Amino acid sequence: MSLVKFKSKENRSKSARTSAAYSRSKYFPKRLEVLALRDFRRFYVGYAASLLGSAMSSVAIAFALLGAGGTATGLGLVFTANIVPMVAFMLFGGALADRLGRRRVMLTADLARCAAQAALAAALASGHPSLWLFVAAALAVGAGNAFFSPALSGLPVQLVPPGQLGDANALLGTAQPAAQVAGPALAGILIAVTSPALVIAVDAGSYALSALALAGLRLESNAQLSLPRPSPTLRGLGRRGPAQPHGPSRESLLRDLAEGWAEFTAHPWLWPQTVQFALFNLVTWGPYLVLGPVLARQYLGGARAWGVILACYGGGAILGGLAALGRRPRRPLLVATLTTLGFAFPPLALALRLPLAAVAGTALVAGLGTALGGAFGTTVEQRLIPAEALSRVGAFNMVGAFAFGPVAFIAAGPAAALFGPRAVLAFGAAWSAAMTLAVLAVPAVRQLPWPEPPPPSGPALAKTDSR
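Residues numbered from 1 in each chain as written. Predicted model: local features only at pLDDT ≥ 70, side-chain atom pairs only at ≥ 80, totals over all residues. Heavy atoms only, no water.

Visitor: So what's going on with unusual backbone geometry? Which residues, and what values?
Guide: Here the phi dihedral of R353 falls at roughly 55 degrees; this positive angle occurs in a residue that is not glycine. Mapped onto the elements, R353 comes out in the loop between α15 (345–351) and α16 (356–384). (Helix = DSSP H or I, 4+ residues; strand = E, 2+ residues; numbered from the N terminus.)

Visitor: Summarise the nonpolar core; cite the residues concerned and give the values.
Guide: For soluble globular proteins, the rule of thumb is that nonpolar side chains tend to be buried together. Membership of the largest hydrophobic core comes to 54 residues, with the highest contact counts inside it found for F40, F43, Y47, M106, L159, V160 and W269. At seven residues, helix α8 (residues 165–193) tops the list of elements feeding residues into this core. (Core = buried A, V, L, I, M, F, W, Y, C linked by side-chain atoms within 4.5 Å. Buried < 20%, exposed > 50% of the residue type's maximum accessible area, 1.4 Å probe, protein only.)

Visitor: Any details on the pattern of salt bridges? Residues and values, ideally.
Guide: All told, the structure shown has seven salt bridges when counted by the stated rule. D98 is paired through a salt bridge with R102; the nearest N and O atoms lie 3.1 Å apart. For the pair D98 and R102, one class covers both residues: buried. One salt bridge in this structure joins R392 and E259, with 3.2 Å as the shortest N-O distance. Of this pair, R392 sits in helix α17 (residues 390–402) while E259 sits in helix α11 (residues 250–265); the two residues are 133 residues apart in sequence, bridging distant segments of the chain. For the residue pair R392 and E259, the accessibility class agrees, reading buried in each case. Connected through shared salt-bridge partners, D98, R102, E259 and R392 make up one network. (Salt bridge = Lys/Arg side-chain N within 4 Å of Asp/Glu carboxyl O.)

Visitor: Tell me what's going on with the side chain of E381, and back it up with residues and numbers.
Guide: Inspection of the secondary structure assignment puts E381 in helix α16. Here E381 is buried and forms no salt bridge, its nearest opposite-charge partner R102 lying at an N-O distance of 11 Å. Beyond its immediate chain neighbours, meaning those up to four positions away, E381 contacts W269, L270, L390 and N397. (Lys, Arg positive; Asp, Glu negative; His and termini not counted. Contact = heavy atoms within 4.5 Å.)

Visitor: Which residues make up the packing of α8 against helix α13 (residues 303–324), and what are the values?
Guide: Interhelical geometry of α8 versus α13 gives an angle of 165 degrees and a closest axis separation of 8 Å. With respect to α13, the element α8 is oriented roughly antiparallel. Classified by chirality, the crossing of α13 by α8 is left-handed. In this structure, α8 contributes D167, A170, T174, P177, A178 and V181 to the contact, and α13 contributes A311, G314, G315, A317, I318, G321, L322 and A324. Looking at the contact of α8 with α13, its residues break down into nine nonpolar, four polar and one charged. (Axes fitted to C-alpha atoms, helices over the stretch in contact; angles between N-to-C directions. Parallel < 35°, antiparallel > 145°, perpendicular 65-115°, else oblique. Left-handed = near helix turned anticlockwise from the far one by under 90°. Nonpolar A, V, L, I, M, F, W, Y, C, P; charged D, E, K, R; others polar.)

Bear in mind that shape data such as this cannot, by itself, settle questions of function.
Okay, structure coming up:
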């Protein structure tokens, strides 16, 4: 009898182990079910391709400019030309996306960026273009980014059902760090074998592929999607329904921006996070990106060590995006805010002159938190912000978070000359941790529950905007 019991227990134990192994083997296929949706899969492939092309072209542009006799000052001017339009036009990009349709705005942005990079590649292939052509291409690409990015913040609600928004955002969050890890390596190989012009031409082709993917979306067929109800805030401001057939006037765009600002400030869990990241980029991350290579050169061995640190950050972000698949924390913004504690570790590790393995490990932790918290926070916004205002609210969020980036890049050097790079990074790490604690003190951030999708409203669901 005891032998039978023993065998029975052993069989149950084997069965439990087999069941657990089977569940683990099914984890990622189940979480990747969102890729079975035709529209999302099509868009994701095009979007990932464009990000990879951009990561490759940033390396190619630097080498092309320097090879044409450019200087570090000229390269800084090109990089600045890429950022300025994003800050200047992003709010209007969000307003246009909500008014004219997100796909239409994103498609136009892709075509404009494709044309700019194709013109630059052709000029490089035919000779040595002057600095102004590099600047003009950077301005055009930056302007395209300003219109594409806020439209992207609202597009997922038109691509996937509400219950799969979290997985969609997690996958979208892995695309950029994966491109940042793979892009420079591929660009280096292609530049060595061919030329920077070919790499920039590949980037132009990646924008064309993204445009083709957007053009092929069948958004009008997604009748299963259940979007948030119109906002009382927008109704109170006299919003008159969907986009009008005629083009937007200056007054209508300003009214749209006012409505978006009202919606943005109406949520006490939203704007504190924007303030957090605005000051974080100014005090912590901007100086880290400028002074990190300086300290890496001083005591870690130079560019190779800094490349390892950046690769670990990107790898951590990929792991974070994968870890977010299928996760539905009860308090998503509490978890998302806690992950921002990891941002303090990389600058602190450099300030303490820790060895390369430790600095790279902290960068991996920070990258993991970026993707994990970003997926949760983005899903909350898409579920609780009205669909008609998502792009405008996203624009305010992005402009607020990144507006101080150029100031941080410019001020990091003088601050390091005055106080020393280690002191600047140590202060930035302490500031980052303090800002995280300040946001955690906001009850709306700590207590907001995971927003469950609404139940289907019946067979006659409204179709989404096909634009």
